[in-house]
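Each chain, letter by letter, is given below.
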Amino acid sequence: MSATDLMDKLVSLAKRRGYVFQSSEIYGGTGSVWDYGPLGVELKRNLKDRWWSSMVHARDDIEGLDAAILMHPKVWEASGHVEGFTDPLVECTSCHRRFRADMPEVENGQCPTCGAKNAFTEPRLFNLMFKTFMGPVEDSSATVYIRPETAQGIYVNFLNVQGSARQKVPFGIAQIGKAFRNEITPGNFIFRTREFEQAEMQFFVKPGEDEAWFEQWMELRMQWHLDLGIRKEKLRFHEHGPDELAHYAKKAFDIEYDFPFGWKEFEGIHNRTDFDLSRHQEFSGKRLEYIDAPTNERFVPYVIETSMGVDRTALVVLADAYREEEVDGDTRVVLALSPQIAPIKTAVFPLVKKDGMPEIAGKIDADLRAAAIPSFYDQSGAIGRRYRRQDEVGTPWCITVDGETVEDGTVTVRDRDTLEQERVAADQIVAWVRDHVNVN
Ligand code: ATP
């Protein structure tokens, strides 16, 4: 399967089965914005919940936060985004489309849209932040920015969180939320969009301890993706060279995935030093120092940031899970998603629509739902087809009620990946699924 094939297949499966739809599709779509359907929203929530549990619930040194998208405009002057958050842009004088100057086609002098040769203008800087107006008057005094990253909401709340939660440095603040960037060349489905979600964690440390913490967070974040079942050989670190480092960073590593369109970043780990807190101190006039208890030593903490794109990670798990396999002379499409993040955990089928089987299957489905296990009931069509429909959306287990169930109260549980079937007592199904979701 070629790379374009895989992307086309993913986009089409995503639409057909309710993972991802194009935004405002009935109007012809909006450039680079996507909507998550019934299965997509579950996948994304599961990813976010898993991240939140590992950051906030499992650790006593990280607190959660949900800061607003709109912030004081000075935040973005202090952060450097008003001045520095720009991409060089060229315009094709033939078709008038704009592109990032660093795109390989543009560097080769050919317009990616109309094919015109050497028809580009000189690069101009273009700020990626969306702007709007706060309040009823559309003048410049009321201009606000729509945040391009969630991190700044954390920095400006550093002392609020530290004081209210009685945390001591080193500690972190985690946040999941939307961010917006007026990307010049969005694309590759949900990889680069203009509205997206980030899961970011800022870890505040004593200067001098930053490098050790950086190493630790690199390791922890890579392990998080491996534990999600992403294939090891498809993951790697990429260190930013001097020309790639952002204005705030002393050191930066990306976690990259081998997407069908090449190795690309989907999470960044950055040593942001004391840049952000110092700048907010300077621009707000408020002290953002930490006082170390025993020594009374004052310092502006250094920050190690882990910044994961939720949508890009959703694309990683979908691309990594997609398989086409031959089974009994038939091709089956299967999404081998980890049960932890699969949108539907179980599908329940009566083998036939008689002998009380639909009633028993319906009750098992209801019991699973009542136990907060997303389940799906299906009695239509041949059993093989029902299995295939679930394989394609990544449901780990199909539970079938058959003749034996009526006699001895057991059902078959079919494993999506091994295709093996085992018999489990119907009244133990909820416990069985709970155990297996956690084990896998
Ligand atoms: P890129 O170089 O791909 O534009 P970046 O280096 O600007 O990314 P960061 O600012 O480090 O990205 O943002 C952290 C994470 O947020 C990225 O690893 C990515 O997963 C996600 N992200 C950033 N921009 C976008 C976007 N336009 N669409 C989707 N996700 C994004």
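Computed from a predicted structure; not experimentally measured.

### Some remarks on the overall build of the protein chain
Per the secondary structure count, the protein chain includes 14 helices and 23 strands. Counting only C-alpha atoms, the protein chain reaches 75 × 65 × 50 Å along its principal axes. When burial is assessed residue by residue, the protein chain has 49% of its 440 residues classed as buried. Considering only contacts within the protein chain whose residues lie at least 6 apart along the sequence, 64% involve residues at least 24 apart. Separation of charge centres in the protein chain, based on 53 positive and 71 negative side chains, amounts to 3 Å.

### A look at the side chain of arginine 50
Topologically, arginine 50 is positioned in helix H2 (residues 38–57). No salt bridge is formed by the buried arginine 50; its nearest oppositely charged neighbour, aspartate 227, is found at 4.8 Å. Sequence-distant contacts of arginine 50, that is, excluding residues within four places in its chain, are made with Trp224, Asp227, Leu228, Gln340 and Ile341.

### Focus: the site of the ligand
As a structural note, the neighbourhood of the ligand is formed by 14 residues, with Glu183, Arg192, Thr193, Glu265 and Phe266 the closest of them. Interatomic distance of 2.8 Å between a side-chain N/O atom of glutamate 183 and a nitrogen atom of the ligand. Between the ligand and glutamine 198, the relevant distance is 3.3 Å, taken from an oxygen atom to a side-chain nitrogen or oxygen of the residue. When the free accessible area of the ligand is taken as 590 Å², the share hidden by the protein chains comes to 85%. Ranked by the residues each element gives to the shell around the ligand, the list is headed by strand S13 (residues 262–273), at four residues.

### With respect to the sheet that holds strand S6 (residues 124–127)
Taken in spatial order, the three strands of this open sheet run S5-S4-S6, and their pairing is antiparallel. Of all strands in the sheet, those with a lone pairing partner are strand S5 (98–100) and S6, marking the two edges. Strand-to-strand twist across the sheet, computed as the mean angle between neighbouring axes with direction ignored, equals 50°. Two strands pair when backbone bridges link them, and strand S4 (residues 86–91) and S6 are joined in this way by four bridges, in the antiparallel orientation. In the sheet register, proline 88 faces S6, and the bridge partner there is leucine 125.

### Things to note about the nonpolar core
Ranked by internal contacts, the top residues of the largest apolar core, which has 57 residues, are Tyr19, Trp51 and Leu337. Counting residues per element, this core draws most heavily on helix H10 (residues 310–321), at eight residues.

### A short note on the domain arrangement of the protein chain
Interfaces are often sized by the accessible area lost when the parts come together. Each assigned domain of the protein chain is listed with its residue range as follows: domain 1 (3–74 + 129–318), domain 2 (86–127) and domain 3 (344–439). One C-alpha centre belongs to domain 1, the other to domain 3, and the line joining them spans 38 Å. Taken together, the contact pairs six residues of domain 1 with five residues of domain 3. A buried area of about 510 Å², summed over both sides, lies between domain 1 and domain 3, and 46% of it is on carbon and sulfur atoms. Of all residues in domain 1, the largest losses of buried area upon contact with domain 3 belong to Leu13, Arg17 and Leu39, amounting jointly to 63% of the total for that side. Close ionic contact of arginine 16 with glutamate 392 constitutes a salt bridge, the shortest N to O distance being 2.9 Å. Applying the counting rule to domain 1 against domain 3 returns four residue pairs in polar contact (both at pLDDT 80 or more).

### Observations regarding the side chain of threonine 405
In this structure, threonine 405 sits in helix H13 (residues 403–408). A relative accessible area of 4% places threonine 405 in the buried class. Among the polar contacts listed, one links the side chain of threonine 405 to the backbone nitrogen of aspartate 402, at a separation of 2.9 Å. Aside from chain neighbours lying at most four places away, what touches threonine 405 is Ile360, Thr400, Thr410, Val411 and Arg423.

### Description of the environment of proline 374
Residue placement: proline 374 occurs in the loop between helix H11 (357–370) and strand S20 (375–377). Classification of proline 374 by relative accessible area gives partly exposed; the value is 30%. The contacts of proline 374, once residues within four sequence positions are left out, are Pro343, Ile344, Lys345 and Thr346.

### Examining the packing of aromatic side chains
On inspection of all chains with the given rule, the structure shows 17 aromatic pairs. Pairing phenylalanine 214 with phenylalanine 253 gives two aromatic rings, centres 5.9 Å apart and planes at 55°, and the pair type is tilted. In this pair, phenylalanine 214 is assigned in helix H8 (residues 210–227) and phenylalanine 253 in strand S12 (residues 251–259), connecting sequence segments 39 residues apart. The pair formed by phenylalanine 214 and phenylalanine 253 is uniform in burial state, with each residue classed as buried.

### Details of the environment of aspartate 276
Mapped onto the elements, aspartate 276 comes out in helix H9 (residues 275–284). Considered as a pair, aspartate 276 and tyrosine 155 are 121 residues apart in the sequence and their alpha carbons are 7.0 Å apart. When near neighbours in sequence (up to four residues on either side) are disregarded, aspartate 276 contacts Gln152, Tyr155 and Tyr248. Of the polar contacts made by the side chain of aspartate 276, one reaches the side chain of glutamine 152; its length is 3.3 Å. Of note is the side chain of aspartate 276, whose polar atom sits 3.0 Å from the side chain of arginine 272.

### Re the environment of leucine 235
The topology assignment puts leucine 235 in strand S11 (residues 235–239). It is 37 Å that separates the C-alpha atoms of leucine 235 and valine 424, two residues lying 189 residues apart in sequence. What leucine 235 contacts, discounting residues up to four positions off in sequence, is Met222, His225, Leu226, Ile230, Ile255, Glu256, Tyr257, Trp263 and Phe266.

### Here's the deal with unusual backbone geometry
Excluding glycine, a negative phi dihedral is what most residues carry, and trans is how most peptide bonds are arranged. Look at the link from valine 169 to proline 170: it is a cis peptide, with omega at 10°. Within the secondary structure layout, proline 170 lies in the loop between helix H7 (158–165) and strand S9 (171–180). The phi angle at serine 24 is positive, at roughly 55°, despite the residue not being glycine. Secondary-structure assignment places serine 24 in the loop between strand S1 (20–22) and strand S2 (34–36). When its relative accessible area of 36% is taken as the criterion, serine 24 is described as partly exposed. The phi dihedral of asparagine 118 falls on the positive side, at around 45°, and the residue is not glycine.

Cut-offs used in this document
Sequence order sets the numbering: in each chain, residues are counted from 1 along the sequence as written. Side-chain atom pairs in this predicted model are given and counted only at pLDDT of 80 or more, local residue features only at pLDDT of at least 70, and totals for whole chains, interfaces and linings cover all residues. Calculation of side-chain values draws on the structure's entire complement of heavy atoms; hydrogens and water are dropped beforehand. Under the DSSP-based scheme used, a helix requires at least four consecutive residues in state H or I and a strand at least two consecutive residues in state E, with every element numbered from the N terminus. Categorising residues by exposure relies on relative accessible area from a 1.4 Å probe, with only protein chains included: less than 20% of the type maximum marks a residue as buried, more than 50% marks it as exposed, and the intermediate range marks it as partly exposed. What makes two residues a contact is simply this: any of their non-hydrogen atoms within 4.5 Å. We count Lys and Arg on the positive side and Asp and Glu on the negative side, and we leave His and both chain ends out. For charged residues, the charge sits on one atom: NZ in Lys, CZ in Arg, CG in Asp, CD in Glu. Salt-bridge detection follows one rule: a side-chain nitrogen of Lys or Arg within 4 Å of a carboxyl oxygen of Asp or Glu. Residues are labelled near a given molecule or strand when at least one of their non-hydrogen atoms is within 4 Å of it. Within 3.5 Å is the distance limit for a polar contact, defined as a pair of N or O atoms, with the added protein rule that one can donate a hydrogen and the other accept it, and that residues adjacent in sequence qualify only through two side-chain atoms. Accessible surface area values rest on a Shrake-Rupley calculation with a 1.4 Å probe, where residue burial reflects the displayed protein chains alone. Whether two strands pair depends on DSSP finding at least two bridges between them. Here, axes are lines fitted to C-alpha atoms. For helices the fit covers the stretch in contact, and angles between N-to-C directions go from 0 to 180 degrees. To form a nonpolar core, buried Ala, Val, Leu, Ile, Met, Phe, Trp, Tyr and Cys residues must be joined to one another through side-chain atoms within 4.5 Å. What fixes the domain bounds is an automatic or database domain assignment. By definition, the buried area sums, over both parts, the 1.4 Å-probe accessible area that each loses when the two are put together. For this analysis, a ring pair means two rings from Phe, Tyr or Trp (six-membered ring only for Trp) whose centres lie within 6.5 Å, classed as stacked if their planes differ by under 30 degrees, edge-to-face if by over 60, and tilted for the remaining angles.

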